[in-house]
Amino acid sequence: KIKSTYGTPLFVYDEKTLIDQANKVLAFPNAYGLKVRFAMKACPNAAILKLFYSLGINFDASSGYEVERAIKAGISPKDISLSSQELPSNFEDLIKLGLEFNACSINQLETFAKLFPGSQCGVRFNPGKGSGGTGKTNVGGPTASFGIWHELLDQVKSIADSNNINIIRVHTHIGSGSDPEIWQNVAGLSLNLVTHFPNVDTLNLGGGYKVGRMSYEKSTDLQLVGTPVKQSFIDFNNKYNRKLKLEIEPGTFLVANSGALLCTVQDYVNTGVNGYKFLKLDSGMTEVLRPSLYGAQHPIVIFNDLSDNELDDYVVVGHCCESGDLFTCAPGDPEVLKTRKLKVSRIGDLASIEGAGAYCSGMSTKNYNSFPEAAEVLLDVNKEPHLIRKRQTLDQIIQNEIPYVR
C-alpha cells in the first residue's frame, strides 16, 4: 500500500518507536537534573523535530543552517544549542535570539568574546580520549579536530577572564560506543575539567550511544551506562559541593531503528561461477551513504510471495554509476564486497533497508547522477502513513542553475 501510494525509494519512520526511544533517553540516570538534546543532524525533518519537542526534548545543532531549520520548525532558539565546526555568517544574530553556544575551538571562543564580552557560554573540550566503531565515528583523542584540546585549558581561562566571559557549561563528546567503563572514564575526565571553572553548572557528555542495527551488534543500555555516570556526579558534589546538571545529545539512539528505506529491486546481474549475483536497487548512496562511507551494516529484507526458506547469496548495490555504491560491503571496510544471504529475489520485488532512521536521509549524496531526493513518510501510532517530505522533482534539482551565454 505504501509503495503504491508514495513510490520508492521511500523513507518510513515509526512514531511509536520514536516515542519509545525518547522515553528511554528521558529516563537516563542523573543526580541533579537532566536535559536531553536531540542531535538533529541524525534526522532533521521538521515532523521528527516537532514530535521530540512535544515530548520535552531540546536540540543540538551542528551548523547555523541547522539552527535556522529548527527555528523554522517551531523550536525556540533558547532550546537549541550550537556546537559546530564552522561558525555561521549570521552567528551574532543567532546568539541575540537566545541560542545556546559551545565554543569548539580557541578561535570560536575568541570570536564570541569579542562580540559578547561580559556574557556567558559553554566550551567543548577534547578530553584526550575517543570511542567509536571506526575512525570515522571517533570524535575524541588526538586524531579528532572536534573541541578544544584539554591541554589548552589555561588559554581558555585566560580568554574568558580577559573578556569577562562566564563559562557555565563544559561539553565533551568522544564518539560512538556502548562500553560503560569508557563513558565513566570520560565522565571523570570531564568532571576534572569542570573543577577549573567555578561557575559551570552543567556538564554535557554528548551522545554516541550505539544502536545495534544488525542482530549481532550490541546496543547501549542507557541504564547501565548512566548509573556510574550518575554516581560520578554524586561523588563530585560530595567533594566540591556542586550539584551539576547533566546534558546528553543522542542522535542514533533516538532514530536509527525508528526508520527504514523502502526500495525496489530494479535489475539483476550475474558475473558467473567465480563472480557474484548482484541485486540492483532503485536507491543507493543517494539515500544511504553509511556503507560506502565507513562500511556500516544495515539489515536487508526482501518482500515477495516466494517461500522464506528459498535463499540465495547476493551482493546488493545501488543505482549510481559508482563502484562504491554498495549496501553489502564487509563490516567496517567499504572497499570489500560481502555477499548477504537473502530471500530469493526477482526484479520488481520490494526491499527494505532497515535501521535507516539515523544518518541516512540527512547524510546522503542526494542529486548524484541527478537522482531526486527521496520522499519521507511517518507512520503514526495507529500505523497510518503521513507524507512528511515530498519527492524532489528534476526542476527542483536544477532551479538554482543560471544559463551561461557566450
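The rules behind these values
- Residues numbered from 1 in each chain as written.
- Predicted model: local features only at pLDDT ≥ 70, side-chain atom pairs only at ≥ 80, totals over all residues.
- Heavy atoms only, no water.
- Helix = DSSP H or I, 4+ residues; strand = E, 2+ residues; numbered from the N terminus.
- Rg over C-alpha atoms; globule rule 2.2 N^0.38 Å.
- Buried < 20%, exposed > 50% of the residue type's maximum accessible area, 1.4 Å probe, protein only.
- Contact = heavy atoms within 4.5 Å.
- Areas by Shrake-Rupley, 256 points an atom, 1.4 Å probe, with all protein chains shown as cover.
- Phe/Tyr/Trp six-rings, centres within 6.5 Å; stacked < 30°, edge-to-face > 60°.
- pLDDT = per-residue confidence, 0-100.
- Core = buried A, V, L, I, M, F, W, Y, C linked by side-chain atoms within 4.5 Å.
- Arc of directions from axis to C-beta.
- Polar contact = N/O pair within 3.5 Å; in protein donor to acceptor, adjacent residues only side chain to side chain.
- Axes fitted to C-alpha atoms, helices over the stretch in contact; angles between N-to-C directions.
- Parallel < 35°, antiparallel > 145°, perpendicular 65-115°, else oblique.
- Left-handed = near helix turned anticlockwise from the far one by under 90°.
- Nonpolar A, V, L, I, M, F, W, Y, C, P; charged D, E, K, R; others polar.
- Expected span 1.5 Å × (residues − 1).
- Salt bridge = Lys/Arg side-chain N within 4 Å of Asp/Glu carboxyl O.

Section: the overall build of the protein
The helix and strand inventory of the protein stands at 12 helices and 20 strands. Taken over C-alpha atoms, the radius of gyration comes to 23 Å for the protein, in line with the 22 Å a tight globule of 406 residues would show. Seen along its three principal axes, the alpha-carbon backbone of the protein occupies a region of about 70 × 60 × 45 Å. Within the protein, the proportion of its 406 residues that are buried is 51%. Here the contacts in the protein between residues at least 6 apart in sequence split such that 70% fall between residues at least 24 apart. Roughly 18500 Å² of accessible area belongs to the protein as shown, and the carbon and sulfur atoms make up 50% of that amount.

Digging into the packing of aromatic side chains
Per the counting criterion, the structure on display carries 12 aromatic pairs. With a centroid separation of 5.8 Å and 55° between ring planes, the pair formed by Y53 and F59 is classed as tilted. Aromatic pair F91 and F112: ring centres 6.5 Å apart, planes at 65°, arrangement edge-to-face. Here the residue F91 occupies a position in helix α5 (residues 91–96), and F112 occupies one in helix α6 (residues 106–115), the gap between them amounting to 21 residues.

Some remarks on the confidence of the model for the protein
With 95% of its residues at a pLDDT of at least 70, the protein reaches an overall mean of 94. Here residues 131–139 is modelled with pLDDT under 50, and outside its nearest four sequence neighbours on either side it reaches 26 contacts, counting other chains as well.

Re the nonpolar core
Judged by nonpolar contacts, the single largest core of 93 residues is most densely connected at F38, I48, F52, F101, F125 and V255. Considering every element that reaches this core, the biggest residue donor is helix α8 (residues 180–194), with six residues. Apart from residues no more than four positions distant in its own chain, F38 is found in contact with C43, I48, L49, F52, I57, N58, F59, D60, P250, G251, L254 and V255. In terms of nonpolar packing, the next biggest core, distinct from the first, is built from eight residues, I2, L10, L262 and L379 among them.

Things to note about helix α3 (residues 46–54)
All of the buried residues in α3 are I48, L49, L51 and F52. For α3, the buried positions fall inside an angular range of 160° around the axis, keeping them on one side. The N-capping residue of α3, defined by a side-chain oxygen 2.8 Å from the backbone nitrogen of A47, is N45. Downstream of α3 by one or two residues, G56 has phi in the positive range, about 95°.

Comments concerning the packing of helix α2 (residues 15–26) against α3
Two elements in contact, α2 and α3, have axes whose closest approach is 10 Å; the angle formed by their N-to-C orientations is 45°. Comparing their axes, α3 and α2 come out oblique. With respect to the hand of their crossing, α2 and α3 are arranged in right-handed fashion. Counting all contacts with α2, which are made through E15, L18, I19 and A22, the residues of α3 involved are I48, L51 and F52. Considering only residue class, the contact of α2 with α3 consists of six nonpolar, no polar and one charged.

Quick look at helix α9 (residues 222–240)
Compared with an ideal rise of 1.5 Å per residue, which puts 19 residues at 27 Å, α9 spans 26 Å between its outermost C-alpha atoms and is within 8% of the ideal. Of the positions making up α9, those classed as buried are L222, V225, G226, P228, V229, S232, F233, F236 and N237. At the N-terminal boundary of α9, the capping side chain belongs to D221, with an oxygen 3.0 Å from the backbone nitrogen of Q223. Remark: N241 follows α9 within two positions and exhibits a positive phi of approximately 55°.

Details of the environment of N382
Tracing the sequence through the fold places N382 in the loop between β19 (375–379) and β20 (385–389). We classify N382 as exposed; its relative accessible area is 61%. Along the backbone, N382 and E15 are 367 residues apart, and their C-alpha atoms lie at a distance of 9.0 Å.

So, unusual backbone geometry
Along the chain, T8 connects to P9 via a cis peptide bond; the corresponding omega equals 0°. With respect to the helices, strands and loops of the structure, P9 is situated in the loop between α1 (2–6) and β1 (10–14). At N241, a residue that is not glycine, the phi angle is positive and equals roughly 55°. Note on placement: N241 falls in the loop between α9 and β10 (245–248). We classify N241 as exposed; its relative accessible area is 67%. Located in the positive-phi region is N367, a residue other than glycine, with phi close to 80°. If you trace the backbone, N367 turns up in the loop between β18 (350–353) and β19.

Describing the pattern of salt bridges
For the structure shown, the criterion picks out 14 salt bridges. The salt bridge involving D201 is made with K245; its shortest N-O contact spans 3.8 Å. Of the two residues, D201 sits in the loop between α8 and β9 (202–204) while K245 sits in strand β10, which places them 44 residues apart along the sequence. In this structure D201 comes out as partly exposed when scored by relative accessible area, which is 33%. On the basis of relative accessible area, K245 is assigned to the partly exposed category, the value being 36%. Across the pair E373 and K366 runs a salt bridge whose closest N-O atoms are separated by 3.0 Å. A relative accessible area of 38% means that K366 is categorised as partly exposed.

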